[in-house]
Amino acid sequence: MSHAVTADQLHKSYPGGVKALDGLSLDVRAGEVFGLLGPNGAGKSTTVKILTTLARPDSGTAVVAGHDVLRHPERVRREIGVVAQRSALDPMASGRDNLTLQGRIFGVRGTALRRRVGELLDRFDLTGAADRVVRGWSGGMQRRLDVALALVHRPGVLFLDEPTTGLDPEGRAAMWAEIGRLAADESMAILLTTHYLDEADRLAARLAIVDGGRIVAHGTPAHLKEELRGDAVHLELRQPPDEPTARQVIALVPGLREVALDGRRLSARADDGAAAVPAALAALESAGIGVAAVTVARPSLDDVYLRHAGRRFAA
Amino acid sequence: MSTSVRSDPAAGRPAAGNPGVPVLRTLAAHTWWMTGRRLKVLAKQPAFVVIMLVQPAIWLFLFGNLFRRVVELPGFGAGDYLDYIVPGVVVMTAVSSNMWAGMGLLEEIERGTLNRLLTTPVFRSAIMNALVAEQAISTAVQVLAIMLLGLLAGADYPGGVAGLVVLLVAALLLGTVFSALSNTIGMLVRQRETIIGVNTLLLLPLTFLSSAFMAESLMPSWMRAIADANPVNWALDAARAAMTADPDWGVVAVRCGWLALAAAAMVFLSTRTFRAYQKSV
C-alpha cells in the first residue's frame, strides 16, 4: 500500500451555509510528512476532522490506513494518532495518568503500558513533571504531551493540526525538532496542517496549498517554488533613473525577464540570479545608473501562495 | 445503572483490537475507565463534595421544620412529617444533582477532550454513560447521607433495609433519566445557558407536582393528574410503597419498571446525539 491517506472530492458545509470544503482531494504516501498549508478558514481543520472520523463529509470519500472513514471509522481510529489544534488534555490529571488512560483505550496493558508511558515521558522531556497535574504545566509542555498521547499506540498515520500555533519561539523550535525526528520514522505517515510557510517548507516532503476549501497547488516545496521559474533579483538604484533608458539597458542583459521598475526599485526574475547580477550591474553602470544594493532571493512559499491563491499570505 | 452495558452498533463498536475479549466486557471496561477518570477529578474538589452533602441536609432541616405541621391536615395520612419527607428530599436531591450532568459534557467539549476521545476506539456510549455513572455514584453517596441524617434526627423507617434499598434504586433510576436528559440537551444545544434555564424551569414544578412534600390526596385533582405522569412521583410512589411496615411490592415493581424504561430510553437517546454532533463539528 503506497498511500496512507486518500481523500477524494470532499465537500462539507456547516449549518448556516458556511462552505468549509469544496471538492478537496489529496493523498499522503506511506512514511512521508505531508503539509497542508493555508490561512485560517481555508478548510484545513475540517479536512483533518473528516479524516480522523470526527466529522462526516456531505459527499466524497476518504481512506485512511487502508480503511474507509465512513464505512469503518472504528478501524481507522485504531490506526491513527491525532493532535488537535487546541490542547486536549485532562487538566486535573497528571501527565502520567493522561498517557496511561490513552494507552488503555488502545488496548495497551500492564508492563507494556508502563514501559511505553515512561518511554514517551522521557522522549518528550516530561519525566520531571510527569506526576503533577497538567493544569500547571507550560503551554509547550502541554503541547508535547498532546503529541505523546497521539503516539502511545504507535499509529501508522499521525495527524498534526497546527501543532505549533500558540507556542513561543523556543517551544516552536522544540516541536519542529520533534516532528523532524518523527518524520525519520518511515513506518509512520504524518499529515501536518499549518499556516506558517516556514514550517511547511522546513518539515514537509510534499505539500498542498488549500484555499476556499480546495487544493490550489501541490507538490514538493522545491517543485512549487521552481514553478515560479527562477530567482527574484532586486536592485536598489542610487536615484530614480530615466525609465525608458533603464528598461532598455536591462532588457539587453541575458537571463533577466519580468522586469518591473518602481521608483528606485528594480525587480526581475532570472533562472540563475547569481549569474545574471554581474552583467546587470555592468550594463547599468555603463549607462550611468548607479546601484546601491543588490539582493537575490530564491522564491519562497510566500511567492507560491501569492501566485496560487491570488493574494499575499497573511496568517 | 441499568443501561451502561449495551452494545452500540451504529455509533462505532471497537472491533478486532483484542480478539477474544467479548464486546460487552470491553464496553464495561471503557465505561469504568471513563467514569474513574471523572471521579478522580471530583475527588480533587473537596469543597464541591462538601456542598453536595450539605445541601440535602439543609433541605431536610428547612422543609422538615417549615412544613412540620402539615401532617395535622385532615387526610394527610402520615404520622410524622420527618418520616414523610426523607424520600421527598432524597428524590429532589437526585433530580437536582443529576440534571447538571450536561455541564460536565460541555466542559469535555470545550476542553477538546471529547473530540480527542472520539478519535480513539473508545465506545461512544462509554463516554456518555460515564457522565451518568459519575452522577449515579455521587447521588448514591448523597442518598445514604440523607438516610443517615434522617435516622439521627429521629426518623422511623418501618420498611427497614428493603424499603431503603428501594428508595436508593428509585433515586438512581430517576437520576439517570435526568442526567441522560441533561447530556442530550448539552450535546444538542451546546450552551450552558440552556441547561441552566431548563433546570431552573423544571426542578421546582417537578418536585411540587409530586408527593415529595405534600400528600397527593390533598392536591387539586388536575395536579394529581399531572403528578401521575411525573417520573419524580413514580420514584416516590415506589419508595413510599416499600418503606411502610406492610410494603406493596406490586406498586414498587410497576413504578420502578416505568422508571427503568424511561431511564433506558433517555440513555439511548443521549448516545444517538453523537450523530448530530458529528454533523455540526
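Residues numbered from 1 in each chain as written. Chains lettered and ligands numbered in written order. Predicted model: local features only at pLDDT ≥ 70, side-chain atom pairs only at ≥ 80, totals over all residues. Heavy atoms only, no water.

In the nomenclature of an unreviewed UniProt entry, chain B corresponds to Transport permease protein from the organism Actinoplanes xinjiangensis. Listed in UniProt under the heading Sequence similarities (unreviewed entry), the comment for chain B reads: "Belongs to the ABC-2 integral membrane protein family." (UniProt positions renumbered as here; feature names shortened; annotations may be inferred.)

Chain A carries the name ABC-2 type transport system ATP-binding protein in an unreviewed UniProt entry, which gives Actinoplanes xinjiangensis as its organism. The annotation that UniProt attaches to chain A under Sequence similarities (unreviewed entry) is "Belongs to the ABC transporter superfamily. Drug exporter-1 (DrugE1) (TC 3.A.1.105) family."

Side note on the overall build of chain B
Check the secondary structure of chain B and you find 11 helices and 0 strands. Secondary structure elements of chain B, listed N to C terminal, follow the sequence α-α-α-α-α-α-α-α-α-α-α. Against the compact-globule benchmark of 19 Å for 281 residues, chain B has a radius of gyration of 20 Å, which places it among compact chains. Seen through its principal axes, chain B has C-alpha atoms that stretch 65 × 40 × 40 Å. Across the 281 residues that make up chain B, the buried fraction comes to 54%. (Helix = DSSP H or I, 4+ residues; strand = E, 2+ residues; numbered from the N terminus. Rg over C-alpha atoms; globule rule 2.2 N^0.38 Å. Buried < 20%, exposed > 50% of the residue type's maximum accessible area, 1.4 Å probe, protein only.)

As for the sheet that holds strand 11 (residues 231–237) of chain A
Residues and elements named next belong to chain A. Strand order in the open sheet formed by 4 strands is 12-13-11-14, and the pairing between neighbours is antiparallel. Of all the strands in the sheet, the pair left with one neighbour each is strand 12 (256–262) and strand 14 (291–297). This sheet shows a mean twist of 15 degrees between the axes of neighbouring strands, independent of strand direction. When strand 12 meets strand 13 (residues 265–270), the two strands line up antiparallel, connected through 5 bridges. Residue pairing in the sheet places aspartate 262 in a bridge with arginine 265 of strand 13. Those strands touched by helix 10 (residues 273–286) are strand 11, strand 12, strand 13 and strand 14, and its axis lies near 160 degrees from that of strand 14. (Pairing = 2+ DSSP bridges. Axes fitted to C-alpha atoms, helices over the stretch in contact; angles between N-to-C directions. Contact = heavy atoms within 4.5 Å.)

Quick word on empty space enclosed by the protein
All names here are of chain B. With the rule as written, the count across this model stands at 2 cavities of 30 Å³ or more. Taken together, the elements giving at least two residues each to the lining of the largest cavity come down to helix 7 (160–189) and helix 8 (192–208). Counting residues per element, the lining of the largest cavity draws most heavily on helix 7, at 4 residues. Of the residues in the lining of the largest cavity, the class split is 6 nonpolar, 2 polar and no charged. Considering only enclosed or pocket space, the second largest cavity measures out at about 30 Å³ in volume. (1 Å grid on protein atoms, 1.4 Å probe; cavity = no way out; pocket = protein on both sides within 12 Å on 5 of 7 lines; lining within 4 Å. Points joined across faces, edges and corners; volume = space filled by probe spheres on them. Nonpolar A, V, L, I, M, F, W, Y, C, P; charged D, E, K, R; others polar.)

Details of the UniProt feature "transmembrane region" (unreviewed entry) in chain B
Residues and elements named next belong to chain B. Within this structure's numbering, the places UniProt gives as "transmembrane region" (unreviewed entry) are residues 47–64, 84–106, 127–155, 161–182, 194–215 and 249–269. When the span residues 47–64 is considered, its composition is 100% helix and 0% strand, and the gap between its end C-alpha atoms is 25 Å. Spanning residues 161–182, this segment combines 100% helix with 0% strand, and its end C-alpha atoms are found 31 Å apart.

Side note on a positive patch on the surface
Judged by side-chain charge, Arg56(A), Arg272(B), Arg275(B) and Lys279(B) come together as a positively charged surface patch. Considering the arrangement of structural elements, one finds Lys279(B) in helix 11 (residues 249–280). (Patch = residues over 30% accessible without salt bridge, like charges linked within 9 Å, V, L, I, M, F, W, Y side chains within 5 Å. Areas by Shrake-Rupley, 256 points an atom, 1.4 Å probe, with all protein chains shown as cover. Salt bridge = Lys/Arg side-chain N within 4 Å of Asp/Glu carboxyl O. Lys, Arg positive; Asp, Glu negative; His and termini not counted. Charge placed at Lys NZ, Arg CZ, Asp CG, Glu CD.)

Details of the confidence of the model for chain B
The pLDDT averaged across chain B works out to 90; a share of 93% of its residues lies at or above 70. Across residues 1–17 of chain B, where pLDDT falls below 50, the model places 40 contacts with residues more than four positions away in sequence or in other chains. (pLDDT = per-residue confidence, 0-100.)

As for the layout of surface pockets
Gaps left between atoms are located by rolling a probe of water-molecule size over the structure's atoms. All names here are of chain B. Volume-wise, the largest pocket comes out at about 840 Å³. Together, 36 residues line the largest pocket, and Leu42, Phe48, Trp100, Met103 and Gln135 are the ones closest to its centre. Secondary structure elements with two or more residues in the lining of the largest pocket: helix 1 (23–43), helix 2 (46–66), helix 3 (81–98), helix 4 (101–111), helix 6 (124–153) and helix 8. Here the residues of the lining of the largest pocket are counted per class, giving 16 nonpolar, 11 polar and 9 charged. Of the pockets and cavities examined, the second largest pocket occupies roughly 600 Å³.

Overview of the domain arrangement of chain A
How big an interface is tends to be stated in terms of accessible area lost as the parts join. Looking at chain A, the domain boundaries give domain 1 (3–225) and domain 2 (229–298). Look at where the C-alpha atoms of domain 1 of chain A and domain 2 of chain A centre, and you get two points 45 Å apart. (Domains from an automatic or database assignment.)

What about unusual backbone geometry?
Residue and element names in this part refer to chain A. Not every positive phi belongs to a glycine, and threonine 53 is a case in point at roughly 70 degrees. Phi is positive for aspartate 125, close to 60 degrees, though the residue is something other than glycine. Relative to the elements of secondary structure, aspartate 125 occurs in the loop between helix 4 (110–123) and helix 5 (139–151). Residue aspartate 125 is classed as exposed on the basis of its relative accessible area, which comes to 62%.

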